[in-house]
Amino acid sequence: MSLCLIIDDMHPSLLPMLTSIGIEGDYQPKLTPADVPAALAARPYQGLMVRSKMRITASLLAHGPQLRYVARAGAGVDNIDEAALAAASVVLVNAPEGNRDAVGEFALGQLLALLRHTVRADAEVRRAEWHREANRGEELGTKTVGIIGYGHMGRAFARRLSGFGCTVLAYDNDPSVTTDGHAELVPLAELQARAEVLSLHFPYSAANHQFVNEEFLAGFAYRLYFVNTARGEVVDQAALVARLQSGAVRGAVLDVLDNEKLSSLTPAQQATFDYLRAAPNVLLSPHIGGWTHQSYQRINEVLVAKIEALGLDA
C-alpha cells in the first residue's frame, strides 16, 4: 500500500475509502504546522491531504521527496503554492464538486434572507417589536442577478436561481467556459450595466487581490445587493463599506472576510468589521457556505475518486 499523510480533520469515511483503493491513510489531524515537516519526512508518503491548516510550499515539499500528490479537501487552493508543486512534479487535486451544492443553497438562502429582512425581523419579534412596513422586502424574481465566476460554485448557484424567474447573467475570465442554460454568459461590462444583485464565485489568487474595489463597484449601473461566499481577499472591504454607507450597495451577504482571524485584525480591518457587524443590512457568517454534514463526506468521495484516477503505483 502507498501512504498518505492526512493533517486536517476529515469525515471518518475517508480511511476506509482510501483503503479500498490501496492507500494507507496516516490520520494525524492534531499535528501543528510546525510538526508537519518532520512528520512528512518520517515515512515515504506519496500523498499529503490538507484543508486549510497551513500553506503548502516548496520548503515543505522538500521534506517529502516521494510525494506524488497533494489533495486539498475543499475547493479553494489559495494555501497551495501551485508553482512549487509543478516544479516538484507533484499533482494537485481538490474537490469543488464536493461542496458546490452546499454553497449554492447557502448563497440563495442568505440572499433571500437579505431581501426579505428575515434576520432583522426575527430579532425584532423576539424583542416584542412588530414592524411590518419597515420590513417590507424585495422579490428575487424581479431582479437581474450577476454571477462572477461560472465554475462549480457559480453554476450551482445559478441552478438554484432558475426556479425564481429572475434573469441570471454570468461572467468568467476563462474563455473556455460555456453556458449550461441556467445563465447567460456576458462580458463583464454588460454584467455591470444590468445586474441588481452581484454574487462572487471565483477563487482567490494574487492576480485578483481586491478585484472588487471602489472603481469596480462604481461601474455598476444599479444599486446592488452584494453576496460573497468565495474569498474575502478578492474584495476591498473598505471600498465595500464606503458603498454601503453611501447606499450604492443596498445590502451585503458576507460569508468570508479579508481577515477571518478576528483576534488579529489591523486597525483598518477592525474599523470596517465594526461597521459591518453593526449594519442591519449586512448578514455575516463564519465561512460556512460549503460546510454541511453532506459536503463533509462528499469531499472525501471526490478526492478519493480523483486520487484513484491518477493511477499512481504503490
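Residues numbered from 1 in each chain as written. Predicted model: local features only at pLDDT ≥ 70, side-chain atom pairs only at ≥ 80, totals over all residues. Heavy atoms only, no water.

## Quick notes on the UniProt feature "domain: D-isomer specific 2-hydroxyacid dehydrogenase NAD-binding" (unreviewed entry) in the protein
Selection criterion: UniProt positions are given in the numbering used here, feature names are shortened, and annotations may be inferred rather than shown by experiment. We count a stretch as a helix when DSSP gives it H or I for four or more residues in a row; a strand needs E for two or more, and each element gets its number in order from the N terminus.
The feature "domain: D-isomer specific 2-hydroxyacid dehydrogenase NAD-binding" (unreviewed entry), as given by UniProt, occupies residues 109-289 in the numbering adopted here. Structurally, residues 109-289 comprises 34% helix and 17% strand, and the distance from its first C-alpha atom to its last is 10 Å.

## Focus: the packing of helix 5 (residues 96-116) against helix 12 (residues 293-310)
Two packed helices can be described by the angle between their axes and the distance between those axes. The condition is simple: Inter-axis angles, ranging from 0 to 180 degrees, are taken between N-to-C directions of lines fitted to C-alpha atoms, where helices are fitted over the stretch in contact. For classification purposes, an angle smaller than 35 degrees is called roughly parallel, one larger than 145 roughly antiparallel, one from 65 to 115 roughly perpendicular, and anything else oblique. In what follows, a contact means two residues having at least one pair of non-hydrogen atoms within 4.5 Å. As a working rule, the residues Ala, Val, Leu, Ile, Met, Phe, Trp, Tyr, Cys and Pro are called nonpolar, Asp, Glu, Lys and Arg charged, and the rest polar, with Gly in that last group.
Viewed as axis vectors pointing N to C, helix 5 and helix 12 meet at an angle of 155°, and their least axial separation amounts to 7 Å. When the interaxial angle is binned, helix 5 and helix 12 end up roughly antiparallel. The residues of helix 12 that touch helix 5, namely those facing Pro96, Glu97, Gly98, Asn99 and Ala102, are Ser295, Arg298, Ile299, Val302 and Lys306. Of the residues belonging to the contact of helix 5 with helix 12, the class tally is 4 nonpolar, 3 polar and 3 charged.

## Some remarks on the side chain of lysine 143
Test applied: Contacts described as polar in this section are N or O atom pairs within 3.5 Å, which, within protein, must combine one atom able to donate a hydrogen with one able to accept it, while residues neighboring in sequence count only if both atoms come from side chains.
With respect to the helices, strands and loops of the structure, lysine 143 is situated in the loop between helix 6 (118-126) and strand 6 (144-148). A polar contact of 3.2 Å, which involves the side chain of lysine 143, links it to the side chain of threonine 142. If sequence neighbours within four positions are ignored, lysine 143 has contacts with Glu138, Cys166, Thr167, Glu196, Val197 and Tyr225.

## Digging into helix 7 (residues 152-161)
Filter applied, for reference: Partly exposed residues are those whose accessible area sits between 20% and 50% of the maximum for their type, while under 20% is buried and over 50% is exposed, using a 1.4 Å probe and protein chains only.
Burial analysis of helix 7 places 7 of its 10 residues in the buried class, which makes it a mostly covered element. Taken together, the buried positions of helix 7 are Met153, Gly154, Arg155, Ala156, Phe157, Ala158 and Leu161. If you follow the buried residues of helix 7, they end up packed against helix 5, strand 6, strand 7 (167-171) and strand 9 (197-200).

## Focus on the sheet that holds strand 12 (residues 282-284)
Each strand in a sheet pairs with another by means of backbone hydrogen bonds, the pair being arranged parallel or else antiparallel. Under the convention used in this document: Note on pairing: two strands pair once DSSP finds at least 2 bridges between them.
Read across the open sheet, the 7 strands follow the order 8-7-6-9-10-11-12; overall the sheet is parallel. Only two strands of the sheet have a single neighbouring strand rather than two, namely strand 8 (184-185) and strand 12. Its contacts with the sheet place helix 7 against strand 6, strand 7 and strand 9, and it is angled at close to 165° to strand 6.

## Points about the nonpolar core
Where we set the bar: The set of buried Ala, Val, Leu, Ile, Met, Phe, Trp, Tyr and Cys residues whose side-chain atoms join them within 4.5 Å is what this entry labels a nonpolar core.
Of all hydrophobic cores here, the largest spans 30 residues; its most connected members are Ile148, Leu191, Leu198, Leu200, Phe216, Phe226 and Leu254. Discounting residues that sit within four places of it in the chain, leucine 191 has contacts with Gly146, Ile147, Ile148, Leu169, Ala170, Tyr171, Val186, Leu198 and Phe220.

## Quick word on helix 10 (residues 237-246)
The set of residues buried in helix 10 consists of Gln237, Ala239, Leu240, Val241, Arg243 and Leu244. On its buried face, helix 10 is in contact with helix 9 (214-218), strand 10 (224-228), strand 11 (249-254), helix 11 (267-278) and strand 12. Here helix 10 starts with a cap whose side-chain oxygen sits 3.1 Å from the backbone nitrogen of alanine 238, and that cap is aspartate 236.

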